[in-house]
Amino acid sequence: MPGHRTVLFASFDTSQFKDPEAHYINYENHTNFPIINNVPATLNFTISARNVSSITPTINFTSNGIDGLGNYIDTFKIPKINFIDQKIFFTARFKDGVIPFKREPLIKSTDEYITTYNSGDTIRLFNTDNESLLLRETDLTLSLLSGDTIISAESVKFETNFNALSADIGGYFKGYVTSAISGTDFRIKISYDSKSTSFNKSITAVSSPFDIHPDTGVFDVRKRNENNDQTQNYKDLIYQEVLLDNPSFFNGLLGQSVGSKNSSPETLGIKTFEKSANFVANTTDPDYCNIKALLSMFNSMEIDFEDYNQQFPPSLTRLVDILSVSPSKQMPKQNEYQLNFNDRGFTSKTVFGKNKGDYLPLETTILYTGEDSKFILAYEKFSENYTLVNTNILSAVSVDYTGINSYALSSYNDTWGWGLVIPKGTTGIDVLDYYEFYDYNNTIDGTIMEDFIDYTNSKCTYLQAVTSYNQIMDKDGIADNLLQYNLYTNCGLIGEEVVIPATSIANNASIYNTSNSNNTSTYNTNNNISNSNQGSSGY
């Protein structure tokens with residue numbers, strides 16, 4: 001076929017080579033997929049036809065573009081934990097299965113190629129109309145999904161380097177998305193619908209799911225004694241009428257310096273009070289002490305350990321110290337106390353006397369043995385002490401049964417084994433001179449115990465509904481959420497406003513842009529990706 005130029009694309013089996021991406025993260029390849037690597041100095045290979053119709057293009061989403069060159073690597077998926085107004089970076093990579101399209105050189109649109117056939121099969125399709133593998137106007141669309149619902153353009157903004165791609169790169173584009181709403185199961189969706197007659201392909205791909213949390217954070221952890229209201233403490237010391245009538249100095253100046261009980265735990269008033277109040281636990285209790293104090297204990301006892309000597313900012317150090325405590329000692333614990341008998345004169349029994357039931361008249365109360373037995377309270381009038389006694393007195397020597405397993409409380413005698421402190425020989429109705437009897441409410445106190453975390457603090461939202469260790473320490477768990485929010489906020493990665501140009505992006509863009517423009521494209525979700533270049537290019 002003289003008088004024309006033909007381009008052949010050849011691929012060779014390099015399955016024995018190391019994947020240049022997977023190798024450096026110690027990813028073990030247990031498949032027979034081919035691996036792309038630098039070509040050795042000497043290589044014997046056979047050229048074989050690769051029909052363009054056999055291409056099965058896919059789009060992979062990662063945070064940095066590394067998803068394997070033969071192996072599939074899911075290490076760098078879009079992070080699960082994100083926040084409102086945070087730039088969520090992504091790279092969309094076009095691949096044929098596990099092989100990226102970028103391995104094939106970019107074809108310049110100025111070259112003329114024809115269709116080459118071999119026994120009726122197309123080897124590679126680049127025709128003189130330059131319509132092969134092109135992305136034209138409205139070919140590519142980005143959107144953000146919540147479940148299966150597309151988020152409106154008013155709440156989501158995308159920005160990519162789509163206009164900045166030069167003729168030397170291709171096969172991917174990258175950018176970031178910001179969202180003004182929070183929720184779970186978000187995914188970035190890319191839709192490619194080719195208008196080319198020679199490469200009529202439609203591809204829809206979505207990223208791995210991720211969450212977007214409020215920019216105020218999800219969890220706020222407060223230790224015991226991190227509820228000091230230093231502003232109010234200063235106000236309590238005001239005795240001059242002029243200051244009582246005009247407390248602006250304490251609210252606006254001094255109060256802002258030391259903070260209140262609702263301030264950040266890093267404020268001066270809360271931090272200094274916590275260090276003083278928790279000094280013993282922070283420095284000498286191996287269950288709850290700070291990491292620095294724990295290492296000091298190891299050194300004093302000459303215990304060998306691996307010291308990384310890592311230095312963290314104060315707010316991050318506080319979180320690391322808290323998370324280093326065993327989760328079993330962090331999780332909220334209910335007060336299991338069941339001997340709260342003294343009602344102190346209160347009739348509601350919501351706080352005092354929770355386990356004290358109704359009064360049992362000695363003359364009319366009938367008790368039971370066996371399955372119907374129960375505990376009752378014996379109140380000693382002299383000492384004002386309560387004794388828990390069991391009505392199942394089957395081993396008693398003398399019981400006046402009124403039925404098969406029933407007997408009257410008024411028939412009491414000292415063989416019942418209740419241990420009542422009364423004169424010897426006192427029985428029956430005479431017991432009322434020394435004791436009163438009440439039902440026993442078999443319930444626990446139920447209040448939250450403040451061993452380490454202050455769950456009574458209204459600002460504390462940490463581990464409130466946790467049922468397992470994995471929810472705290474697993475990847476993307478509560479610990480990860482706390483640490484990432486701290487890093488993002490202190491590094492200024494949350495809350496940066498993305499400025500969207502007033503002028504809409506022009507038309508006709510492709511993944512492989514042959515211009516050398518260094519501008520970036522900014523656009524709302526569901527807008528078709530486009531730029532100001534009118535020429536199309538292939539990949």
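Structure: see above.
Residues numbered from 1 in each chain as written. Predicted model: local features only at pLDDT ≥ 70, side-chain atom pairs only at ≥ 80, totals over all residues. Heavy atoms only, no water.

Q: Just give me the short version of the sheet that holds strand β15 (residues 356–360), but keep the residues and values in it.
A: With antiparallel pairing, the four strands of this open sheet are ordered in space as β15-β20-β17-β18. For this open sheet the edge positions go to β15 and β18 (385–390), each flanked by a neighbour on one side alone. Taking each pair of neighbouring strands and ignoring which way they run, the sheet shows an average axis angle of 35 degrees. Direction of pairing for strand β17 (residues 375–380) relative to β18: antiparallel, over a ladder of six bridges. (Pairing = 2+ DSSP bridges. Helix = DSSP H or I, 4+ residues; strand = E, 2+ residues; numbered from the N terminus. Axes fitted to C-alpha atoms, helices over the stretch in contact; angles between N-to-C directions.)

Q: Could you give an account of unusual backbone geometry, naming the residues involved and the relevant values?
A: For D85, which is not glycine, the phi torsion reads 65 degrees and is therefore positive. Along the chain, D85 falls in the loop between β2 (81–83) and β3 (88–96). Take D85: its relative accessible area is 28%, and that puts it in the partly exposed class. (Buried < 20%, exposed > 50% of the residue type's maximum accessible area, 1.4 Å probe, protein only.)

Q: Give a description of the packing of helix α7 (residues 314–323) against helix α10 (residues 478–490) that names residues and reports values.
A: As a packed pair, α7 and α10 sit with axes 10 Å apart at the nearest point and diverge in direction by 175 degrees. Looking at the two axes, α7 sits roughly antiparallel to α10. Where α7 abuts α10, its residues S315, L316, L319 and L323 lie against A479, L482, L483, N486, L487 and N490. (Parallel < 35°, antiparallel > 145°, perpendicular 65-115°, else oblique. Contact = heavy atoms within 4.5 Å.)

Q: A description of a nonpolar patch on the surface should follow, citing residues and the corresponding values.
A: Side chains of Y337, L339, F375 and L388 sit close together on the surface and give an oily, nonpolar patch of about 360 Å² of accessible area. You can see Y337 is positioned in the loop between β14 (333–334) and β15. On the accessibility criterion, Y337 (43% relative accessible area) is partly exposed. (Patch = residues over 30% accessible without salt bridge, like charges linked within 9 Å, V, L, I, M, F, W, Y side chains within 5 Å. Areas by Shrake-Rupley, 256 points an atom, 1.4 Å probe, with all protein chains shown as cover. Salt bridge = Lys/Arg side-chain N within 4 Å of Asp/Glu carboxyl O.)

Q: Got a sec to walk through helix α3 (residues 248–258)? Specific residues and values, please.
A: Side chains of residues three or four places apart in an α-helix project in the same direction, reflecting 3.6 residues per turn. Those residues of α3 that sit buried are F250, G255 and V258. Around the axis of α3, the buried residues are gathered within 55 degrees of arc, so they sit on the same side. For α3, the exposed residues lying more than 90 degrees away from the buried face are L253 and Q256. Positive backbone phi, at 85 degrees, marks G259, one or two positions downstream of α3. (Arc of directions from axis to C-beta.)

Q: Lay out the pattern of salt bridges in plain terms, naming residues and giving numbers.
A: All chains considered together, the criterion is met by eleven salt bridges. For R318, the salt bridge identified is with E226, shortest N-O distance 2.9 Å. Taken together, the positions of R318 in helix α7 and E226 in the loop between β13 (210–213) and α1 (230–235) put the pair 92 residues apart, joining distant regions of the chain. Taken individually, R318 and E226 each receive the classification buried, so the pair is uniform in this respect. Across the salt bridge formed by D439 and K374, the nearest N and O atoms sit 2.9 Å from each other. With D439 in strand β20 (residues 435–440) and K374 in the loop between β16 (366–368) and β17, this pair connects stretches of sequence that are 65 residues apart. Judged by relative accessible area, which is 21%, D439 ranks as partly exposed.

Q: Help me get a handle on the environment of G428, residues and values and all.
A: Mapped onto the secondary structure, G428 falls in the loop between β19 (406–408) and β20. C-alpha separation for the pair G428 and L409, spaced 19 residues apart in sequence, amounts to 7.9 Å.

Q: Now, about the layout of surface pockets: what can you tell me, with residues and values included?
A: To find leftover empty space, a probe the size of one water molecule is rolled over the atoms. Roughly 930 Å³ of internal volume is contained in the largest pocket. Surrounding the largest pocket, 28 residues form its lining, N290, I291, K292, T317 and D321 being those nearest its centre. Taken together, the elements giving at least two residues each to the lining of the largest pocket come down to α4 (268–277), α5 (279–284), α6 (291–300) and α7. Looking at which element gives the most residues to the lining of the largest pocket, the answer is α7, with six residues. Considering only residue class, the lining of the largest pocket consists of ten nonpolar, seven polar and eleven charged. (1 Å grid on protein atoms, 1.4 Å probe; cavity = no way out; pocket = protein on both sides within 12 Å on 5 of 7 lines; lining within 4 Å. Points joined across faces, edges and corners; volume = space filled by probe spheres on them. Nonpolar A, V, L, I, M, F, W, Y, C, P; charged D, E, K, R; others polar.)

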